[in-house]
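Each chain, written out:
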Amino acid sequence: MDSRKTEQSTKISDSIEGSLKHRNRRKTGSSINSSSLVRELELPSKKMSGLAALKTHYRPFICPLDLVLSQIPEGARLYDIGCGSGALPYLALKLRSAEVAHGYDISVEAVRSAKAFDVDREKFQIVHMQAQNTPPPLHGYDTVTMVDVLHHIPPNIQDDFLRKTIAQMDSGARLIIKDIEGSKVVGAFFNQLHDLLLAKEWVHHRRSQDIRRVLQSMGATVSQPVLRWTLWYPHFQIVALVP
Ligand SMILES: C[S@@+](CC[C@H](N)C(=O)[O-])C[C@H]1O[C@@H](n2cnc3c(N)ncnc32)[C@H](O)[C@@H]1O
């Protein structure tokens, strides 16, 4: 990309960010924060068993789901890639009035836990998929989220997974990626320990700027990363608009 184009796309992404911030400040309000989300998840998580209940209930203290929700437009048609037990789709239905909130996960247990959410089954659909069949077709969704999934995907296919995701999405749809910032090596290491302990996996974090470049290579307009710390975990979020 020549320097004029780079400058132009940075301006476009800055203005996307500005207008998203403005719209979402108005619509999300200041009442959505980690504590209010933990309260929203209290009842449904009581119907889950063991570790799933604990992980779902307190997820907003570890992962800034409020930040993700702030970029989901009111009335969105949402698809959540690697949705775990379905907390984000559930919250998007309740707090962003999502028209539909669908998603999949490769974990059978996580998808089973999602049954605890007592919501309209047309609007809320969480299915199981085999990793080799993903990402699925994403036609008909205006918002796709991917929260802490990329670092669980083998490093040699991460870029390809991102490219395929963009290729599956409708033109004009937005992809919201929240992940752990790989350039913050100490914080990222703490998350590696966290995943080793809880998921029994050695995960592979990426730098947000590298993710941006992959998405831009597909013609997407990508916002600058937003950085947020929770406890000792460094999170980044970027929003990409599909060309
Ligand atoms: C840290 S959890 C995040 C779950 C959920 N997104 C959340 O934020 O609560 C990571 C999830 O990614 C899922 N995962 C791993 N590889 C995946 C893949 N290829 N496609 C979709 N999900 C995947 C795991 O099963 C796990 O549920």
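Higher on the page you've got the structure.
Procedures and definitions
- Residues numbered from 1 in each chain as written.
- Predicted model: local features only at pLDDT ≥ 70, side-chain atom pairs only at ≥ 80, totals over all residues.
- Buried ≥ 20, exposed ≤ 12 C-beta atoms within 10 Å, placed from the backbone.
- Helix = DSSP H or I, 4+ residues; strand = E, 2+ residues; numbered from the N terminus.
- Arc of directions from axis to C-beta.
- Contact = placed C-beta atoms within 7 Å.
- Core = buried A, V, L, I, M, F, W, Y, C linked by C-beta atoms within 7 Å.
- Near = placed C-beta within 6 Å.
- Nonpolar A, V, L, I, M, F, W, Y, C, P; charged D, E, K, R; others polar.
- Expected span 1.5 Å × (residues − 1).

A. Just helix α9 (residues 208-217), in detail. The complete set of buried residues in α9 reads S208, I211, R212 and L215. All buried residues of α9 project into a common sector of 105° when viewed along the axis, lining one side. Tucked into the core, α9 has its buried residues touching α7 (158-168), β5 (174-180), β6 (221-222) and β8 (233-241). Immediately downstream of α9, the backbone of G219 shows phi near 90°, a positive value.

B. Quick peek at the nonpolar core. L91, A92 and V144 are the most contacted members of the largest nonpolar core, which totals 53 residues. Ranked by residues supplied to this core, first place goes to helix α5 (residues 87-95) with 7 residues. Not counting residues up to four positions away in its chain, the partners in contact with V144 are Y79, I81, L138, T165, M169, A173 and L175.

C. Structural view of the site of the ligand. Around the ligand sit 18 residues in total, of which G82, G84, S107, V147 and H152 are the nearest. Tallied by class, the residues present in the shell around the ligand amount to 10 nonpolar, 5 polar and 3 charged.

D. Representation of helix α8 (residues 185-198) in the model. The first and last C-alpha atoms of α8 sit 20 Å apart over 14 residues, in line with the 20 Å expected at 1.5 Å per residue. Considered for burial, the residues of α8 that qualify are G187, A188 and N191. On an axial view of α8, the arc spanned by its buried residues comes to 95°, and they lie on one face. The exposed set on the far side of α8, more than 90 degrees from its buried face, consists of V185, V186, F189, L193, L196 and L197. Once α8 ends, the next one or two residues include K200, with phi positive near 55°.

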